[in-house]
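# Observations on the model geometry
What follows is each chain in one-letter form.
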Amino acid sequence: MSLPYTILILFIFSTSSSYLIPLAHSKIARLGISSKTLKNEPDGSTQKVDESDLKMYYFNQTLDHFTFTPESYMTFQQRYAIDSTHWGGAKANAPILAFLGEESSLDSDLAAIGFLRDNGPRLNALLVYIEHRYYGETMPFGSAEEALKNASTLGYLNAAQALADYAAILLHVKEKYSTNHSPIIVIGGSYGGMLAAWFRLKYPHIALGALASSAPLLYFEDTRPKFGYYYIVTKVFKEASERCYNTIRNSWKEIDRVAGKPNGLSILSKQFKTCDPLNGSFDIKDFLDTIYAEAVQYNRGPNFWVAKVCNAINANPPNRRYNLLDRIFAGVVALVGNRTCYDTKMFAQPTNNNIAWRWQVCKFYF
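Residues numbered from 1 in each chain as written. Predicted model: local features only at pLDDT ≥ 70, side-chain atom pairs only at ≥ 80, totals over all residues. Heavy atoms only, no water.

Under the annotation held in an unreviewed UniProt entry, the protein chain carries the name Serine carboxypeptidase S28 family protein and is attributed to Arabidopsis thaliana.

Further remarks concern the overall build of the protein chain. Across its full length, the protein chain carries 13 helices and seven strands. Considering the protein chain as a whole, with its 366 residues, one finds that 51% of them fall into the buried category. Taking the contacts inside the protein chain whose residues are at least 6 apart along the sequence as the reference set, 74% of them involve residues at least 24 apart. Entry remark: accessible area of the protein chain is about 17500 Å², with carbon and sulfur atoms responsible for 54%. (Helix = DSSP H or I, 4+ residues; strand = E, 2+ residues; numbered from the N terminus. Buried < 20%, exposed > 50% of the residue type's maximum accessible area, 1.4 Å probe, protein only. Contact = heavy atoms within 4.5 Å. Areas by Shrake-Rupley, 256 points an atom, 1.4 Å probe, with all protein chains shown as cover.)

Moving on: the state of the cysteines. Throughout the structure, instances matching the rule amount to two disulfides. The disulfide partner of Cys244 is Cys310, and the gap between their sulfur atoms is 2.2 Å. Disulfide Cys244-Cys310: torsion about the S-S bond near -75°, hence left-handed. Of the two residues, Cys244 is situated in helix α8 (residues 242–259) and Cys310 in helix α11 (residues 305–315); the sequence distance between them amounts to 66 residues. Across this residue pair, the class does not change: Cys244 and Cys310 are buried. (Disulfide = S-S within 2.5 Å.)

This part is about helix α2 (residues 115–123). Buried within α2 are the following residues: Leu116, Arg117, Asn119 and Gly120. Here the buried face of α2 lies against β4 (96–100), α1 (106–112), β5 (126–130) and β6 (184–189). One or two positions beyond α2, positive phi appears at Asn124, with a value near 55°.

A few words now on the side chain of Thr247. Turning to its location among the elements, Thr247 is positioned in helix α8. Dropping the residues within four chain positions of it, Thr247 is found in contact with Ile313, Leu324, Arg327 and Ile328.

This brings us to the pairing of β4. In terms of burial, β4 is a largely internal element, five of the five residues being buried. As paired strands, β4 and β5 are joined by five bridges and run parallel to one another. Pairing of Leu97 across the sheet is with Leu127, part of β5. Inspection of the sheet shows β4 paired to β6 by four bridges, in the parallel sense. Within the sheet, the bridge partner assigned to Leu97 lies in β6 and is Ile185. (Pairing = 2+ DSSP bridges.)

Turning next to unusual backbone geometry. Although it is not a glycine, Tyr134 adopts a positive phi angle of roughly 75°. With respect to the helices, strands and loops of the structure, Tyr134 is situated in the loop between β5 and α3 (144–147).

Further remarks concern the pattern of salt bridges. Overall, the coordinates contain eight salt bridges when judged by the stated rule. Residues Glu239 and Lys235 are paired through a salt bridge, measuring 2.9 Å at the closest nitrogen-oxygen approach. Here Lys235 and Glu239 lie together in helix α7 (residues 228–240), a separation of four residues that amounts to about one turn. A relative accessible area of 59% places Glu239 in the exposed class. Linking Arg257 and Glu254 is a salt bridge whose minimum nitrogen-to-oxygen distance equals 2.8 Å. One end of the pair is Arg257 and the other is Glu254, both in helix α8 and three residues apart, which spans about a single turn. The partly exposed category is assigned to Glu254, whose relative accessible area is 21%. (Salt bridge = Lys/Arg side-chain N within 4 Å of Asp/Glu carboxyl O.)

Spelled out as structure tokens, the structure:
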């Protein structure tokens, strides 16, 4: 018996025993909808947002939707945006497309999400974009410093509370526009796609359907292949270029070999132009691991990231002038850009978003 729910789910799930990246260096994969770190080139797939079409609002949101302690009645300001430019109106029962924010600020979401802008005019839809609690300007307790301070304040950051937030705002929007019969389709990508699917399941009286793009709904401990994510990373690089794949695989032993020399870490630091001295070979391996994983996860045009990395690695022939690690470094420059130095911890900076997301990842997987 099938569930009477409309959910479109697009995700990859598979296993293998051969990997591009040593599994000892693997870590829980990021679920973000777009890379917030690698910005070497403008993404030609996104459009410039016409801010004149958007109106920003703040909703007086409940801190805790599920308990009745004194703290649960606290409120905070949740940011959302509406574009009614092409909406067909309540009388026509024109639809509402609602983007459910993920682990990012609303500002970056608006710049990256083209689906609503592309399809809104054709569907005569009202477009709604909602920022996730604890991200961007949507901070309980008055500030990020207070909201992210400790486990007590972070305890209100979870998917269930976020879904209830979205339900409250969408009901408010329907009331505001007097549109009782306009169908709502919720939309999200990656973690936001998980939220969209879960929203349709939990609040079927609010959302008629959900578009859950690249939503790893089964990506949890005990329900996923342990190294399934890195199987995909390996598969994509191998299909892009066998030579590039082999160069990267061979580089791990070469890094260990160089690191084992007298002053080996200094040699590696100079080779990769690191901003700070390396404490061990793991520092540079972890950095490269993340470069390759991000290249696959956010592999997009106009110059696809995996192709950029591999083209740079393959451009230098294997000879004395261009050793193996020279070619690996060329791949880093191709993706990250030509910099005076490279911060091997660039993917782990303690930004507000990263602090909040680490908390959520911990709750997801452990």
